[in-house]
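Okay, here's what each chain looks like letter by letter:
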Number of protein chains: 2
Amino acid sequence: MLSRQEVAAARERAADALARAGIALTEAEVGAIEVADFGLSHLDEIGLQLVVYVNTERVCAKELVLFPRQLCPEHRHPPFDGTPGKEETFRCRAGVVFLYSEGHPTARPAARVPSDGVFTVWHETVLEPGEQYTIPPDTLHWFQAGDEGAVVSEFSTQSRDDLDVFSDPRIRRATLEVDG
Amino acid sequence: MLSRQEVAAARERAADALARAGIALTEAEVGAIEVADFGLSHLDEIGLQLVVYVNTERVCAKELVLFPRQLCPEHRHPPFDGTPGKEETFRCRAGVVFLYSEGHPTARPAARVPSDGVFTVWHETVLEPGEQYTIPPDTLHWFQAGDEGAVVSEFSTQSRDDLDVFSDPRIRRATLEVDG
């Protein structure tokens, strides 16, 4: 759990990062920035800040903000309702992102992970501003920002966060939307 | 038709507008900016510059650049292959966009259109940076930038430009990708 103060501070930092990246938000959007600690209460290490632009049955688009070295833990988007599951493209807008997915493990990965975490896929793609990568449905992936943090656009099919399958059994996706 | 020089000049202007909006492109993306004159050879009046980030069977994301007062002519995205047709969200990133779709006509619309054009829907939505609007499938719409031009992100289902239905019978969608 995060305190109300921690959530407010993270929203402000995320709004600042988006403004520095030249991304305009409405006042309502700033107030609705989602702060996710994945139930682990170590937001600066494992967490994510999100602005959801649109999420219909067919299309979803978001802006993701990662603080310096903050990481989004390993997960996949399983099939549901007759669909193959969420397909998503990550496009780096500012900073650097180290993205890991299924494939040949990278020898000297740039990410630094907590020793008690669960990370099983290590095929690294480094995304700098203007670079992007598409994750197929039902494919394990996780990512971490570099030392300056990052802003990443996500273009995808419908987001159903409640269906995400995390590799670390401690993570409860239901706790993602924390506003305590 | 546009000359090779006109296409190159429009690409350069569009890349400049994107850079001013803080949007990073790779060199390959700059070279592949699509310049659309809709077959009418009046690019500054009726035209569009596009960067297609991703266009799979399920998801599409693009950046649209409009020069000052440049307009994208009226069209709709019809059903195909058992889908309801393209659903798209326009999000203004820089400048101002006057967007028109089906609904009660706006009394004093801000757009200025050529007298020989075909524009049948006049329900106006003005989008400033950070504002967005979703066009349902198979719904007539068109848009024009304000005096400073505009950069607009488009989040949608699959783009099938070849299926677009334009209100102006002079427009041939097949001529959109001009590189003469």
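That block above? That's the structure.
All values reported here derive from a predicted model rather than from experimental measurement.

Visitor: Honestly, the overall build of chain A in this entry has me stumped. Any pointers?
Guide: Along the backbone of chain A there are 2 helices and 9 strands. N-terminal to C-terminal, the α/β element order of chain A is α-α-β-β-β-β-β-β-β-β-β. Here the C-alpha radius of gyration of chain A, 15 Å, is about what a compact globule of 180 residues would show, namely 16 Å. A principal-axis box enclosing the C-alpha atoms of chain A has dimensions of 40 × 40 × 35 Å. Out of the 180 residues in chain A, the part that is buried amounts to 53%. Within chain A, counting contacts between residues at least 6 apart in sequence, those at least 24 apart form 74% of the total.

Visitor: Which parts of the structure should I look at to understand the nonpolar core?
Guide: The nonpolar side chains of soluble globular proteins are, as a tendency, buried together. Counting 44 residues, the largest nonpolar core has Tyr 53 of chain A together with Tyr 53 of chain B as its most contacted members. Secondary-structure elements contributing two or more residues to this core are helix H1 (4-20), strand E2 (48-55), strand E3 (60-66) and strand E8 (141-156) of chain A together with helix H1 (4-20), strand E2 (48-55), strand E3 (60-66) and strand E8 (141-156) of chain B. Residues within four places of Tyr 53 of chain A in sequence aside, it is in contact with Ile 23, Leu 25, Glu 29, Ala 61, Lys 62 and Glu 63 of chain A together with Arg 91, Arg 93, Gln 132 and Phe 155 of chain B.

Visitor: Teacher, can you tell me more about H1 of chain B here?
Guide: Structural remark: α-helix, 3.6 residues per turn; residues separated by three or four positions point the same way. Residues and elements named next belong to chain B. The end-to-end C-alpha distance of H1 is 24 Å, a good match for the 24 Å that 17 residues give at a rise of 1.5 Å each. Those residues of H1 lying buried are Val 7, Ala 10, Arg 11, Ala 14, Ala 15, Ala 17 and Leu 18. End-on view of H1: buried residues confined to an arc of 160°, all on one side of the axis. Structural note: H1 exposes Gln 5, Glu 12, Ala 19 and Arg 20 on the side pointing more than 90 degrees away from its buried face. Downstream of H1 by a residue or two, Gly 22 has a phi angle that is positive, lying close to 80°.

Visitor: Can you walk me through the relation of the copies chain A and chain B in this structure?
Guide: Two copies of a chain can be linked by a rotation about an axis combined with a shift along that same axis. Superposing chain A onto chain B takes a rotation of 180° plus a shift of 0.0 Å along the axis, which leaves an RMSD of 0.0 Å. Seen this way, the second copy is the image of the first under a two-fold rotation axis. Scanning chain A for the C-alpha nearest the rotation axis identifies Gly 22 of chain A, at a separation of 2.7 Å. Counting the interface residues of chain A, we find that 97% of their copies in chain B are interface residues as well, pointing to one common contact surface.

Visitor: Please clarify how the pattern of salt bridges should be interpreted in this entry.
Guide: Two side chains of opposite charge can pair, provided their charged atoms sit close to one another. Under the criterion given, the structure shown has 24 salt bridges over all chains. Note that Arg 13 of chain B is salt-bridged to Asp 44 of chain B, the shortest N-O span being 3.5 Å. You can see Arg 13 of chain B sitting in helix H1 and its partner Asp 44 of chain B sitting in the loop between strand E1 (34-36) and E2, a full 31 residues away along the chain. For Arg 13 of chain B, a relative accessible area of 39% translates into the label partly exposed. A salt bridge links Arg 170 of chain B to Asp 116 of chain B; the shortest N-O distance between them is 3.1 Å. With Arg 170 of chain B in the segment after strand E9 (165-166) and Asp 116 of chain B in the loop between strand E5 (88-101) and strand E6 (123-127), the pair connects residues that are 54 residues apart, well separated along the chain. Given the relative accessible area of 40%, Arg 170 of chain B is considered partly exposed. Within the structure, one salt-bridge network assembled from shared partners comprises Arg 69, Arg 112 and Asp 147 of chain A.

Visitor: So what exactly am I meant to see when it comes to the interface of chain A and chain B here?
Guide: How big an interface is tends to be stated in terms of the accessible area lost upon association of its parts. Residue-level contacts link 31 residues of chain A with 30 residues of chain B. In total, chain A and chain B occlude about 2,200 Å² of area from one another, counting both sides; carbon and sulfur atoms represent 50% of this. Run the count over chain A and chain B and you get 4 salt bridges. The interface formed by chain A and chain B includes 14 residue pairs in polar contact (both at pLDDT 80 or more).

Calculation notes
Residues numbered from 1 in each chain as written. Chains lettered and ligands numbered in written order. Predicted model: local features only at pLDDT ≥ 70, side-chain atom pairs only at ≥ 80, totals over all residues. Heavy atoms only, no water. Helix = DSSP H or I, 4+ residues; strand = E, 2+ residues; numbered from the N terminus. Rg over C-alpha atoms; globule rule 2.2 N^0.38 Å. Buried < 20%, exposed > 50% of the residue type's maximum accessible area, 1.4 Å probe, protein only. Contact = heavy atoms within 4.5 Å. Core = buried A, V, L, I, M, F, W, Y, C linked by side-chain atoms within 4.5 Å. Expected span 1.5 Å × (residues − 1). Arc of directions from axis to C-beta. Least-squares fit on C-alpha atoms with pLDDT ≥ 70 in both. Salt bridge = Lys/Arg side-chain N within 4 Å of Asp/Glu carboxyl O. Buried area = accessible area lost by both parts, 1.4 Å probe. Polar contact = N/O pair within 3.5 Å; in protein donor to acceptor, adjacent residues only side chain to side chain.

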